[in-house]
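Chain residues, written in single-letter form:
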Amino acid sequence: MIVSWNWLTEYVELAMTHDDLVDRLTMSGLNHEGTELVGSDHAIDLEVTSNRADCLGHIGVAREIAALYEIPLNLPDPQPATCSESISQVCSIAIESAGACERYTARLIRGVKIGPSPEWMQERLKSLGIGIVNNVVDATNYVMFECGQPLHAFDFAKIKDGKIIVREAQAAEAFEAIDHRTYQLTPGMCVIADSENPVALGGVMGGADSEVSETTVDVLIEAAYFDPLTIRSAARKLKLHSPSSFRFERNIDSENLDWASRRVCELILQSAGGELLEGVIDAGNPPAPREAITLRYCQLERLLGIKIPVDFIAPTLEKIGLAIESSDEQSVTAVPPSWRKDLTRDVDLVEEVGRIYGFEKIPDNVNVPMSASYRPKADRVIDKIRSVLTAAGFDEAVTPSLVPQPWSDAFTPWCDSPPLISSQPMLGVLEEYSHNIGAVNLLRRSLVPSLLEVRRINDYRSNANVNLFETAKVYLPSGQQGIPDQPLKLALASHRDFFAVKGVVEALVAAINPSATVQVNECNEALLDASQSGELWIGEQRLGWIGLVSESAKKQFGLRSEATVVEIDLGVLENETQLIARHANQSPFPPVARDFNFIMDEEVRWASLESTVRSENGPLLESVKYRETFRNEKKDGSGKKRVLFSVVFRSQEATLTGEQAEELCNRIIANCANAHQAILVG
Amino acid sequence: MSIELFLEQLEALAQAASKAFSEAADSDQLDQARVEFLGAKNGRLKSLQKNMGAVPGDQKKTAGMKLNSVKNSIQEAFEAAQSRLSSASGAGERDLKFDATLPGNAFHVGRLHPITQTINELKDIMGRLGFTPAEGPEIEDDYHNFEALNIPRAHPARDPLDNFYLSVAESTSGNDSALSGNPLLLRSQTSTVQIRVMENTQPPVRIVSLGRVYRPDTADWSHYPMFHQIEGLMVDENVSLADLKTVLKLFASSYLGDEVPVRIRPSFFPFTEPSVEADYYWDGKWVEFGGAGIVDPNVLRSVGYDPEKVSGFAFGLGIERLCMIRHQITDIRYLFTNDTRFLHQF
């Protein structure tokens, strides 16, 4: 809301400096956004919060100033003279949609002479940046910016049969507005019609047909109250926003219609002449009287944290327009004014008294009691994970939670149900390359596709060695009522090969729990290579998936080079996390290390070989380390491989003897021969 | 000359040479000693060598071996002295083939996203002030996102065009979900977590919630349809705006690393009354910090608290704005494009 300094002086004496005024207004709720010099005037831009429709006119702002500076407020009292003819004989109003329009008033001026508005009015409107039209239209604008009540002037000759009908728009009803564009109306919108056609889109904009022009002689003045929601949805649907719709949307003062109507008639009579017909047509219902509010003084200190002098309270409420009913040492009871619909409870008055008294008087150094805070386990786990991954050279990415269809379908390991769809797409979040991929309106069920897009962008920009991770929620509809499952996942996308990335996952698991081990089972995911992929498990819990991105998926995501991806359930990791490590005694005795080289069938998996090696060897076996695999078809025949590994034995009780070590080794050789037909190489 | 005498002379020479070399204080003195003992013409070793001829024939072999070993030890003593004087550290001669100015082996430590870094810092600060982090779902229902927060049905914030309302693929109702019952949506603010925590906890409450929130703005340099918020909530007996102002001042001072003035000015939010906008004073001007206020009694009532017995404050800040100001990031979209060159800056 832009206010003119000169205009304000009409209602309050501005003895303060400009800077002092805008500071006080900012600190009492009208944030100063800037001031421009317009001729000899200051155009002051104030931010008006949506609860303060009363400050969308100069009088409202002047009232604030009067309360802040404790100075008198002078308001005009328009009493325009009327002629003997009565408006009710020539005009009628019917409100058919009371939900959209609670109250509609009209006055009629006959015999105006359209011309320019007076210079003082033009100057004030220009300060606000409002275009100048003529002495009638300018007067309606002037009064709107004076008191916040939008007004409309019709050329009465264009209102067929002198009938005003406030009704709902018909489907596909066409309407040409003052901006000379034609709008297709829909039911739910409120139109002002004469006996045949719409002459205005109620509360939003007048019609071109009934516009006041040079030939206009008789002017019908509308002052009405329209329902905020109706106006907002109409303005939004038609993308037609006006100072009028802006005000109605914010729920203006419905009691002020008559004052505004008289005020604009007075101004028109002054500058355009003519005669005001006797009376006003007042259709609909006047607003219900306001209920009194009791403010207990103790609430002020309790909520504001400061003591406010009792003799400050009631006079302040009076200054901002409340009518005091009674007061004593403990409380005051007052009726809020019609223009402050936001005041209904004692807590609302706490804010009023507090802000006029000054929030700057509230201390910023009180004793807030100390209190222990806790870091949730999930936070600690994620911190550990982040430190392992950054140490492993992975950078963290943050990507949007909504994805287009092809990404949504590309990888859905956690969930078979279709994704949740958003009513609105995310706009402007895709790189140009992906513009044709479709609307970004699906809640993702995996993070991997988003990371592959990040990978593509980096490939395209020739950024080498791209290793990314993200921790975020995925959204898994279950088909049941209520809020869907939205578990936290971790995804990796790396240029490194399968085992390098698997090593990172193993390090991650080791960091959160040294005794947990990761197993890999076969999987069948189209996004992943058929061989170089697998499901990750910790014990009986499925941790997630790992795999090289398949050739077809590489193409789909526009990748220029290999990528290995992982997606892991952070819930499983959290379950497994051992936050406080436990000490175990380390043997002081030397270890015995032995290397083994077995020939076996290609089918034998390392995981199963390792478990054979470990079996029956109890606590004496300290570690089994895989070393290498060789293939020598000439020597060993086809379908065979040689697997090298090292075993370390150690006892907690004594140095192992050569015989003990020999026995352990023989057991390993026998077990491997039994279970896998593995033959030890000399 | 008897072999004994010859060996004795050799031994004495070795000791004298070793002493002279080790006592040489600079290269000139060392050179003098070198000439004295190892000089090719009149050096003492050379002179002594001449005595070899006088040693009886059958003992010449033993004498020769000893002579060689003494020769070596004198030479070693000289070299040791030489290297002692040539480099103070005694680390040997410099090998030009070794270029210590070549770069070390590349070793990339990954970076946390600047948003994460900002969140971690804010969480840390709030933790020190006694606020425990709390989590809530990103998919919320209408009740927790609006109703319980005192945002009435007619409020513009509930406009279907301003929210990501959700439906399931098979559902035929489609966008109607925005209008019926208790529809689901992506939360538009982290205040929802306040409700979820208070529903399940009795006062006192001191929490901080952080996370993703969603509003359908078209992405441009300063908007993104997904962003992050931090929200603090403190409820107890007699919590006032003075407590809020104090906590905000401590928070801002910790974050900026210096004691900064904080001011609050009236504003409007449905879930707080009084509502305020908080600013901090930095670099000669007031900078918007975020929205705050005293929790509206309707909100307290909706979670079963008695507004006559307890009161509380809440505040919410946009993480992206804080992060962008701090790191001088000029376009919010950089944060979500994840160009690794961008990420490596932080």
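Model, not experiment: these values are computed from the prediction.

1. Concerning the overall build of chain A
Inference 1: Looking only at helices and strands, chain A features 20 helices and 33 strands.
Inference 2: The C-alpha radius of gyration computed for chain A amounts to 40 Å, which surpasses the reference 26 Å derived for 682 residues by more than 25%, pointing to a less compact arrangement than a globule.
Inference 3: Overall size of chain A, expressed as C-alpha extent along the three principal axes, is 130 × 60 × 50 Å.
Inference 4: Across the 682 residues that make up chain A, the buried fraction comes to 41%.
Inference 5: Residue pairs at least 24 apart in sequence account for 70% of intrachain contacts in chain A once pairs closer than 6 positions are excluded.

2. A look at helix H1 (residues 3-23) of chain B
All names here are of chain B.
Inference 1: Compared with the 30 Å implied by 1.5 Å per residue over 21 residues, the 30 Å span of H1 between its first and last C-alpha is a close match.
Inference 2: Within the sequence span of H1, burial applies to Phe6, Leu10, Ala14, Ala17, Ala20 and Phe21. For H1, the angular spread of the buried residues around the axis is 140°, confining them to a single face. For H1, the exposed residues lying more than 90 degrees away from the buried face are Glu4, Leu5, Glu8, Glu11, Lys19 and Glu23.
Inference 3: Summarising the contacts, the buried residues of H1 are in contact with helix H2 (27-38), helix H3 (44-50) and helix H4 (60-86).

3. A short note on the environment of leucine 527 of chain A
Residue and element names in this part refer to chain A.
Inference 1: Mapped onto the elements, leucine 527 comes out in the loop between strand S26 (519-521) and strand S27 (528-538).
Inference 2: Judged by the 25 C-beta atoms lying within 10 Å of it, leucine 527 is buried.
Inference 3: In this structure, the C-alpha to C-alpha distance between leucine 527 and leucine 229, residues 298 residues apart in sequence, is 48 Å.
Inference 4: Apart from the residues within four sequence positions on either side, leucine 527 is in contact with Ala410, Phe411, Val549, Ser550 and Ala553.

4. Some remarks on the sheet that holds strand S33 (residues 679-680) of chain A
Residues and elements named next belong to chain A.
Inference 1: Spatially, 4 strands are ordered S31-S32-S30-S33 in an open sheet, and the strand pairing comes out antiparallel. The strands lining the two open edges of the sheet, one partner per strand, are strand S31 (621-630) and S33.
Inference 2: Pairing of strand S30 (residues 592-601) with strand S32 (residues 640-649), which is carried by 10 bridges, proceeds in the antiparallel orientation. Pairing of methionine 600 across the sheet is with lysine 641, part of S32.
Inference 3: Of the strands in this sheet, S31 and S32 touch helix H18 (residues 606-614), which is tilted by about 145° from S31.
Inference 4: The strands that helix H20 (residues 658-676) touches are S30, S32 and S33; relative to S30, the one it contacts most, it runs at about 15°.

5. Points about the interface of chain A and chain B
Inference 1: At the interface, 80 residues of chain A touch 71 residues of chain B.
Inference 2: Class assignment of the residues belonging to the side of chain A that touches chain B gives a composition of 40 nonpolar, 25 polar and 15 charged.

6. Let's talk about the confidence of the model for chain B
Residues and elements named next belong to chain B.
Inference 1: When pLDDT is averaged along chain B, the result is 89, and 95% of the positions lie at 70 or above.
Inference 2: Under a pLDDT of 50 for its full length, residues 171-179 has, in the predicted model, 15 contacts with residues more than four places off or in other chains.
Inference 3: Interface scoring of the predicted complex returns ipTM 0.90; its pTM is 0.85.

7. A closer look at the domain arrangement of chain A
Inference 1: Looking at the assigned domains, one finds that chain A contains domain 1 (2-69), domain 2 (82-284), domain 3 (293-360), domain 4 (377-576) and domain 5 (592-680).
Inference 2: The gap between the C-alpha centroids of domain 2 of chain A and domain 5 of chain A is 94 Å.

8. Focus: the domain arrangement of chain B
Inference 1: Its domain assignment divides chain B into domain 1 (3-86) and domain 2 (114-343).
Inference 2: The C-alpha-based centres of domain 1 of chain B and domain 2 of chain B are spaced at 88 Å.

9. Digging into helix H11 (residues 346-357) of chain A
Residue and element names in this part refer to chain A.
Inference 1: Taking 1.5 Å as the rise per residue, H11 with 12 residues should run 16 Å; its terminal C-alpha atoms sit 16 Å apart, in good agreement.
Inference 2: Most of H11 sits inside the fold, with 9 of its 12 residues counted as buried.
Inference 3: Among the residues of H11, Val347, Leu349, Val350, Glu351, Glu352, Val353, Gly354, Arg355 and Ile356 are the ones counted as buried.
Inference 4: Positive phi appears at glycine 358, one or two residues downstream of H11, with a value of about 120°.

10. So, the nonpolar core
Buried together is how nonpolar side chains tend to be arranged in soluble globular proteins.
Inference 1: Membership of the largest hydrophobic core comes to 234 residues, with the highest contact counts inside it found for Val191, Val219, Ile268 and Ala491 of chain A together with Leu248 of chain B.
Inference 2: Aside from chain neighbours lying at most four places away, what touches valine 219 of chain A is Ile109, Val112, Val136, Ala153, Asp155, Phe156, Val212 and Ile268 of chain A.
Inference 3: Residues Leu10, Ala20, Ala33 and Val70 of chain B belong to the second largest nonpolar core, which totals 18 residues.

11. Digging into the packing of H2 of chain B against H4 of chain B
Residues and elements named next belong to chain B.
Inference 1: At a minimum axis separation of 10 Å, H2 and H4 run at an interaxial angle of 170°. Considered as vectors, H2 and H4 are oriented roughly antiparallel to each other. Touching Ser27, Leu30, Arg34, Phe37 and Leu38 of H2 are Ile74, Phe78, Ala81, Gln82 and Leu85, all from H4.
Inference 2: Grouping the amino acids of the contact of H2 with H4 by side-chain chemistry returns 7 nonpolar, 2 polar and 1 charged.

12. Details of the sheet that holds strand S3 (residues 41-47) of chain A
All names here are of chain A.
Inference 1: Read from one edge to the other, the open sheet built from 3 strands follows the order S1-S3-S2, with strand pairing classed as antiparallel. Looking along the sheet, the strands with just one partner apiece sit at the ends: strand S1 (2-4) and strand S2 (31-38). Taking the axes of each pair of neighbouring strands and ignoring which way they run, one obtains an average angle of 25° across the sheet.
Inference 2: Across 3 bridges, S1 lies against S3 in antiparallel orientation. Within the sheet, the bridge partner assigned to valine 3 lies in S3 and is isoleucine 44.

13. Side note on the packing of H1 of chain B against H2 of chain B
Residue and element names in this part refer to chain B.
Inference 1: Two elements in contact, H1 and H2, have axes whose closest approach is 8 Å; the angle formed by their N-to-C orientations is 165°. Between H1 and H2, the angle falls in the class roughly antiparallel. Crossing hand, H1 versus H2: left-handed. Contact with H1, carried on its side by Ala17, Ala20 and Phe21, involves Leu30, Ala33, Glu36 and Phe37 of H2 and no other residues of that element.
Inference 2: Across the contact of H1 with H2, the residue classes break down as 6 nonpolar, no polar and 1 charged.

14. Considering the pairing of strand S24 (residues 467-473) of chain A
All names here are of chain A.
Inference 1: For S24, the buried fraction is high: 7 of the 7 residues fall into the buried class.
Inference 2: Alternating positions in S24 separate into two faces, Asn467, Phe469, Thr471 and Lys473 on one and Leu468, Glu470 and Ala472 on the other, with burial throughout.
Inference 3: Across 2 bridges, strand S20 (residues 395-396) lies against S24 in parallel orientation. Its bridge partner being in S24, glutamate 396 is matched across the sheet by phenylalanine 469.
Inference 4: Looking at chain direction, S24 and strand S25 (residues 488-494) are connected through 7 bridges and run antiparallel. What sits directly across from leucine 468, in S25, is alanine 493.

Parameters at a glance
- Residues numbered from 1 in each chain as written.
- Chains lettered and ligands numbered in written order.
- Predicted model: local features only at pLDDT ≥ 70, side-chain atom pairs only at ≥ 80, totals over all residues.
- Helix = DSSP H or I, 4+ residues; strand = E, 2+ residues; numbered from the N terminus.
- Rg over C-alpha atoms; globule rule 2.2 N^0.38 Å.
- Buried ≥ 20, exposed ≤ 12 C-beta atoms within 10 Å, placed from the backbone.
- Contact = placed C-beta atoms within 7 Å.
- Expected span 1.5 Å × (residues − 1).
- Arc of directions from axis to C-beta.
- Pairing = 2+ DSSP bridges.
- Axes fitted to C-alpha atoms, helices over the stretch in contact; angles between N-to-C directions.
- Nonpolar A, V, L, I, M, F, W, Y, C, P; charged D, E, K, R; others polar.
- pLDDT = per-residue confidence, 0-100.
- Domains from an automatic or database assignment.
- Core = buried A, V, L, I, M, F, W, Y, C linked by C-beta atoms within 7 Å.
- Parallel < 35°, antiparallel > 145°, perpendicular 65-115°, else oblique.
- Left-handed = near helix turned anticlockwise from the far one by under 90°.

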